[in-house]
Amino acid sequence: MKRLNTTSPQFAAELKAVLARRGEQSGSVAEPVRAILADVQKRGDEALCDYTERFDRLKLSPAQLRISEAEIRETADRVAPETKEALALAAKRIRAFHEAQLPGDLDYTDEAGLRLGMRWTALDAAGLYVPGGKAAYPSSVLMNALPAHVAGVKRLAMCVPTPDGVLNPLVMEAARLCGVTEIYRIGGAQAVGALAYGTPTIAPVDRIVGPGNAFVAEAKRQVFGHVGIDSIAGPSEVVVVADGTNDPRLVAIDLLAQAEHDEQAQSVLITQDEAFAEKVIAAVEEELKTLPRAKIARKSWDDCGAVVIVRSEDEAAEVVNEFAPEHLEVLLDDPRAFSLKVRHAGAIFMGRFCPEAVGDYVGGPNHVLPTSRTARFASGLSVYDFLKRTTSIETDMEGLKKVGPAGVILAHEEGLDAHAMSLSERLKKA
Ligand SMILES: NC(=O)c1ccc[n+]([C@@H]2O[C@H](COP(=O)([O-])OP(=O)(O)OC[C@H]3O[C@@H](n4cnc5c(N)ncnc54)[C@H](O)[C@@H]3O)[C@@H](O)[C@H]2O)c1
Ligand SMILES: N[C@H](CO)Cc1c[nH]c[nH+]1
Ligand SMILES: [Zn+2]
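Starting from 1, residues in each chain are numbered consecutively following that chain's sequence as written. Naming scheme: in the order in which they are written, chains are lettered from A and ligands are numbered from 1. Confidence filtering applies because this is a predicted model: local features only for residues at pLDDT of at least 70, side-chain atom pairs given and counted only at 80 or more, and all residues used for totals across whole chains, interfaces and linings. Note that water and hydrogens are dropped before the side-chain values are worked out from all heavy atoms of the structure.

- As recorded by an unreviewed UniProt entry, the protein chain carries the name Histidinol dehydrogenase and is attributed to Bombella dulcis.
- UniProt positions are given in the numbering used here, feature names are shortened, and annotations may be inferred rather than shown by experiment. On record in UniProt, under Catalytic activity (unreviewed entry), the comment for the protein chain is "L-histidinol + 2 NAD(+) + H2O = L-histidine + 2 NADH + 3 H(+)".

Here's what the structure looks like:
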């Protein structure tokens, strides 16, 4: 964990090094991912089976890649009723928020008499990547599948790794709850490659969405252009802005809540109160003594963690904007006022009673969010990732007479005479 202070002459360089730290690690996977994607394109199902055996310790034949509906049902039936109720509460809230996102079409006639429109249509097929290497993520099934379902996507193909062949009952129940029946027991870059290029068993999709580790994030980056992707939703990140009135132990737990996802996760505290910062650091050490996933969280905290001492809330906001974090917790008296200073963050959690875990599971907004500073230009998963827009123009001769002559001039300026003639020859008939 790095200690930074904005009063230090080296602050800018130190911050750059903290930000670069994760980039270095993700850069190291580019070549292995390229090789895996090329191999999946070449060898299809055989490659999927080989990588699944190598990385997930599961020997499969191509016929076993897809999880049967009977397996989904039987595995999901093992979920306890109160757990099903918790999942149903989360699903209801997530569905409601994404239904509220649904955009409307445009259709109007302007002053020149042209009827202009924009119609939203759903993708035909979406690939849903649900992580499952170091932890199982039934919550990610909901976050991937519900916006797709709300958007009206006809085909949903889900990939989820099942290390050692273990099917997670709650992942299967979440899939059943969302009506997902096409599920493959594969993960990592090879799953992304199968969804992007297709194999004899897995038909290709039009867009791949969902979070994953550095291999998954890099694979999505590399297939972008051949298929759409939502964003680079890689190893988790949280920045916590807290004043000294907070309980240091709760802040430490919030930092560890994201560190426990992945050795490459990043947790950062920003505060004006140095004494408070030291209490949080001590509390992190104390919690790591008993945290079940301490091995993962310790490496994440040691390698990628940071504590930044700032001189004002404005300075804190500027540091947040530099991180452009996946998640931002604002544990201040007026979190909403602070949040208005923030230009780049995937999701903001406001107030001392709203830790990120509310959003991870039951808040409603999506927890699949941009990482590695991509929140500067990317957004969290939403219904818009499963929709696309088609615009339309309709006009009669009256409308063409209003706008056509200007089009002719511009076409000639661009040296495109057939463009000009397609307008001028019609105008002659006026
Ligand atoms: N950004 C978000 O919105 C968001 C949401 C949830 C989870 N996450 C992140 O998702 C990630 C989940 O990671 P995970 O590992 O648990 O599951 P994962 O499913 O992302 O990755 C596991 C897969 O990685 C592949 N793999 C493992 N080691 C490999 C290697 N050496 N070479 C090539 N491929 C390899 C395997 O195929 C395995 O199936 C975490 O980093 C977590 O922070 C992010
Ligand atoms: N914090 C993760 C996004 O980085 C989402 C998640 C799923 N389950 C628990 N947390
Ligand atoms: Zn989380």
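This is not the end of the story, as more comes after the structure.
1. Some points on the sheet that holds strand E11 (residues 306-309)
Phase 1: Pairing between strands requires that DSSP locate at least two bridges from one strand to the other. Secondary structure elements are defined from DSSP: runs of H or I of at least 4 residues count as helices, runs of E of at least 2 residues count as strands, and each element is numbered from the N terminus. Spatially, the six strands line up as an open sheet ordered E1-E11-E10-E9-E12-E13, and their pairing is parallel. The two strands at the open ends of the sheet, each matched to only one other strand, are strand E1 (2-5) and strand E13 (347-350). Adjacent strand axes in the sheet meet at a mean angle of 15 degrees when their direction is disregarded.
Phase 2: The sheet contact formed by strand E9 (residues 237-242) and strand E10 (residues 266-271) spans five bridges and is parallel. Looking at E10, one finds that Val239 is bridged to Val268.
Phase 3: Set on the sheet, helix H12 (residues 294-304) makes contact with E1, E10 and E11; between it and E10 the angle comes to about 55 degrees. Each axis is a line fitted through C-alpha atoms, taken for helices only over the stretch in contact, and angles between the N-to-C directions span 0 to 180 degrees. We call two residues contacting when some pair of their heavy atoms lies within 4.5 Å.

2. As for the site of ligand 1
Phase 1: Among the 30 residues in the neighbourhood of ligand 1, the closest are listed as Tyr129, Lys134, Asn213, Ser236 and Asp262.
Phase 2: As used in this structure description, the phrase polar contact means that two N or O atoms lie within 3.5 Å; if the pair is within protein, one of them must be able to donate a hydrogen and the other to accept it, and residues adjacent in sequence are counted only when both atoms belong to side chains. Between ligand 1 and Asp262 there is a distance of 2.6 Å, counted from an oxygen atom to a side-chain nitrogen or oxygen.
Phase 3: One nitrogen or oxygen atom from the side chain of Glu326 is found 2.9 Å from a nitrogen atom belonging to ligand 1.
Phase 4: All accessible-area figures derive from a Shrake-Rupley calculation using a 1.4 Å probe, and residue coverage is judged against the displayed protein chains alone. Protein contacts shield 89% of the accessible area of ligand 1, which totals 860 Å² for the unbound molecule.
Phase 5: Under the scheme applied, nonpolar residues are Ala, Val, Leu, Ile, Met, Phe, Trp, Tyr, Cys and Pro; charged residues are Asp, Glu, Lys and Arg; polar residues are all the others, including Gly. By residue class, the composition of the shell around ligand 1 is 14 nonpolar, 12 polar and four charged. A cutoff of 4 Å decides nearness: a residue is near a molecule or strand if any of its heavy atoms lies inside that distance of it.

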